[in-house]
Amino acid sequence: MNITEMTMQFRVKDYEEGVRWYEKLFRRPADFVPHEDFAEWEMLSGCWLQVAKGEPAEGSGPLRLGVDEIEGERKRLIAELGVEPSPVYSREGVPVKWCTFSDPWGNRIGFFQELSSGTNQKEQEK
């Protein structure tokens with residue numbers, strides 16, 4: 001199998017509110033709106049997040065997005081979107097830290113930050 005692209009779809013009960021929320025999260029409008037009640041953001045080349053009107057599927061996700069500075073993005077979620085994400089977690093020997101949150105419709109999302117191999121564990125947990 002040769003996978004060339006990927007999509008992940010989140011459903012929202014209120015499409016207009018959902019698009020506004022994701023525009024604020026990503027700090028940009030949708031890249032493509034192929035038809036009514038459906039918007040897409042290309043996150044990386046060939047990797048698309050789709051937001052569609054409908055019933056959210058309980059327990060889906062999380063979609064985790066890599067960021068450069070997780071603590072700053074976590075603070076932005078709280079200030080700009082009123083979201084209360086989990087604490088930032090890390091594990092001994094795992095070179096990433098992460099947090100998870102949900103959109104207003106229950107779709108699970110998260111951020112992760114890769115850590116340099118030279119960073120000690122105490123710094124990772126800050």
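Structure's up top.
As a starting point, this report considers the structure included with it. Since the structure is predicted, the reported quantities are computational estimates derived from the model, not experimental observations.

### Examining the nonpolar core
Step number 1: Grouped together as the largest cluster of nonpolar side chains are 24 residues, with contacts concentrated most on Trp21, Tyr22, Leu25, Phe101, Ile109 and Phe111.
Step number 2: If you list the elements that add at least two residues to this core, you get β1 (6–12), α1 (15–26), β3 (38–44), β4 (47–53), β5 (63–66), α2 (70–81), β7 (96–102) and β8 (108–114).
Step number 3: For this core, the leading source of residues is α1, giving six residues.
Step number 4: In this structure Ile109 touches Phe10, Trp21, Tyr22, Leu25, Pro62, Leu63, Leu65, Cys99, Thr100, Phe101 and Asp103, once residues within four positions along its chain are discounted.

### With respect to the packing of α1 against α2
Step number 1: α2 packs onto α1 with a crossing angle of 140 degrees between their chain directions and a minimal axis gap of 10 Å. Taken together, α1 and α2 sit at an angle that is classed as oblique. Both α1 and α2 take part in a crossing whose hand is right-handed. Judged by residue contacts, Trp21, Lys24 and Leu25 of α1 engage Arg76, Leu77, Glu80 and Leu81 from α2.
Step number 2: Class assignment of the residues belonging to the contact of α1 with α2 gives a composition of four nonpolar, no polar and three charged.

### Focus: the packing of aromatic side chains
Step number 1: Scanning all chains against the criterion turns up eight aromatic pairs.
Step number 2: With 4.9 Å between their ring centres and 70 degrees between their planes, Trp21 and Tyr22 make a pair best called edge-to-face.
Step number 3: On the basis of relative accessibility, which here comes to 8%, the residue Trp21 falls in the buried class.
Step number 4: Ring centres of Tyr22 and Phe26 lie 5.8 Å apart, and the angle between their planes is 45 degrees; this geometry places the pair in the tilted category. One end of the pair, Tyr22, and the other, Phe26, are both in helix α1, four residues apart, so they sit about a helical turn from each other.
Step number 5: For Tyr22, a relative accessible area of 1% puts it in the buried group.

So, how was this worked out
- Residues numbered from 1 in each chain as written.
- Predicted model: local features only at pLDDT ≥ 70, side-chain atom pairs only at ≥ 80, totals over all residues.
- Heavy atoms only, no water.
- Core = buried A, V, L, I, M, F, W, Y, C linked by side-chain atoms within 4.5 Å.
- Buried < 20%, exposed > 50% of the residue type's maximum accessible area, 1.4 Å probe, protein only.
- Helix = DSSP H or I, 4+ residues; strand = E, 2+ residues; numbered from the N terminus.
- Contact = heavy atoms within 4.5 Å.
- Axes fitted to C-alpha atoms, helices over the stretch in contact; angles between N-to-C directions.
- Parallel < 35°, antiparallel > 145°, perpendicular 65-115°, else oblique.
- Left-handed = near helix turned anticlockwise from the far one by under 90°.
- Nonpolar A, V, L, I, M, F, W, Y, C, P; charged D, E, K, R; others polar.
- Phe/Tyr/Trp six-rings, centres within 6.5 Å; stacked < 30°, edge-to-face > 60°.

Read these as spatial facts, not as claims about activity.
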